[in-house]
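Residues per chain are reported as follows:
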Amino acid sequence: MSLFATLALFAAAQEPPLDPLTEAEIVIVGQRLQGVTVNVGRDAEGRWHCGLTGSTGYPKLDERLCRATTKCVQKGKSDDAAIQACVAKTKPGLIAELRKRAKRGGK
């Protein structure tokens, strides 16, 4: 039996501003996040799979979003509100990583 959960993610970070260029990049990525839906499911062999309807433009961040959402589903979160609350706990770390990568100029 497959378990599917859909979560519309949005960025919400209340941290001190960085320099304008880096902060602008983060705002753009946050806007992209608003349109991304994460789909998590399990195949017949029990393997977990994750897909995104879009991208943040940062492959590592996309990967971490999938992992975070998958972990929430694995913990038994099954409705959008519960999954969203679970993923929200990981957002500070995700945003911190994004800020670090933006400072380095890498994806």
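Located above this text is the structure these notes cover.
Reference entry: report on the structure contained in this document. (Residues numbered from 1 in each chain as written. Predicted model: local features only at pLDDT ≥ 70, side-chain atom pairs only at ≥ 80, totals over all residues. Heavy atoms only, no water.)

Focus on the state of the cysteines
- Enumeration according to the criterion identifies two disulfides in this entry.
- Note on cysteine connectivity: Cys50 is disulfide-linked to Cys66, with sulfurs 2.2 Å apart. Looking down the S-S bond of the Cys50 and Cys66 bridge, the torsion is -80°, so its handedness is left-handed. Taken as a pair, Cys50 in strand β3 (residues 48-52) and Cys66 in helix α2 (residues 59-74) lie far apart in primary sequence, 16 residues in all.
- Classification of Cys50 by relative accessible area gives partly exposed; the value is 30%.
- With a sulfur-sulfur separation of 2.0 Å, Cys72 is cross-linked through a disulfide to Cys86. Where Cys72 bonds to Cys86 through sulfur, the torsion about that S-S bond is close to -85°, and the disulfide is left-handed. A residue pair is termed long-range when its members are at least 10 positions apart, and Cys72 in helix α2 and Cys86 in helix α3 (residues 80-88) qualify at 14 residues. Both residues of the pair, Cys72 and Cys86, count as buried.
- For the chain, numbering the cysteines in disulfides from first to last along the sequence yields the connectivity 1-2, 3-4. (Disulfide = S-S within 2.5 Å. Helix = DSSP H or I, 4+ residues; strand = E, 2+ residues; numbered from the N terminus. Buried < 20%, exposed > 50% of the residue type's maximum accessible area, 1.4 Å probe, protein only.)

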